Amino acid sequence: MPIVRNILSEYIEQAMAEALYDKLEDGTFASRIPSCTGVVAFGTTLRECEDELRSTLEDWILVGLKLKHPLPVIGGIDLNKEPSRESVDAV
């Protein structure tokens, strides 16, 4: 049985795969996702920085969807499309 992935989860995974990380002079870390303007995070460890980046990305996506801001197409996933609905009779 194939695993069905949630489109939002897949979008997040694809965006996180684009993340760039830098070690700062003080030994902490900074990260960003270039295609997602404003999605940046910092952490004392690389893992903490990655966790913060994922949380920031999730919030950024939810706010963007709520306010109908255009979101970048990532990994071929376009969250800007209006969801299509099938009638119950089609099921």
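Look above for the structure.
Below is a summary of the structure that appears in this document. Here the structure is a predicted model, which means the values were calculated and not measured.

Re the pattern of salt bridges
A side chain with one charge can pair with a side chain of the opposite charge if their charged atoms come near.
Alright, step 1. Going through the model one piece at a time under the given rule, you end up with three salt bridges.
Alright, step 2. Residues Arg54 and Glu13 are paired through a salt bridge, measuring 2.8 Å at the closest nitrogen-oxygen approach. Of this pair, Arg54 sits in helix α2 (residues 46–66) while Glu13 sits in helix α1 (residues 7–17); the two residues are 41 residues apart in sequence, bridging distant segments of the chain.
Alright, step 3. For Glu50, the salt bridge is made with Arg47, and the minimal N-O distance between the two is 3.3 Å. Of this pair, Glu50 and Arg47 both sit in helix α2, three residues apart, which is roughly one turn of that helix.
Alright, step 4. Owing to a relative accessible area of 55%, Arg47 belongs among the exposed residues under this scheme.
Alright, step 5. A single salt-bridge network, built from bridges that share partners, covers Arg47, Glu50 and Asp51.

How each quantity is defined
Residues numbered from 1 in each chain as written. Predicted model: local features only at pLDDT ≥ 70, side-chain atom pairs only at ≥ 80, totals over all residues. Heavy atoms only, no water. Salt bridge = Lys/Arg side-chain N within 4 Å of Asp/Glu carboxyl O. Helix = DSSP H or I, 4+ residues; strand = E, 2+ residues; numbered from the N terminus. Buried < 20%, exposed > 50% of the residue type's maximum accessible area, 1.4 Å probe, protein only.

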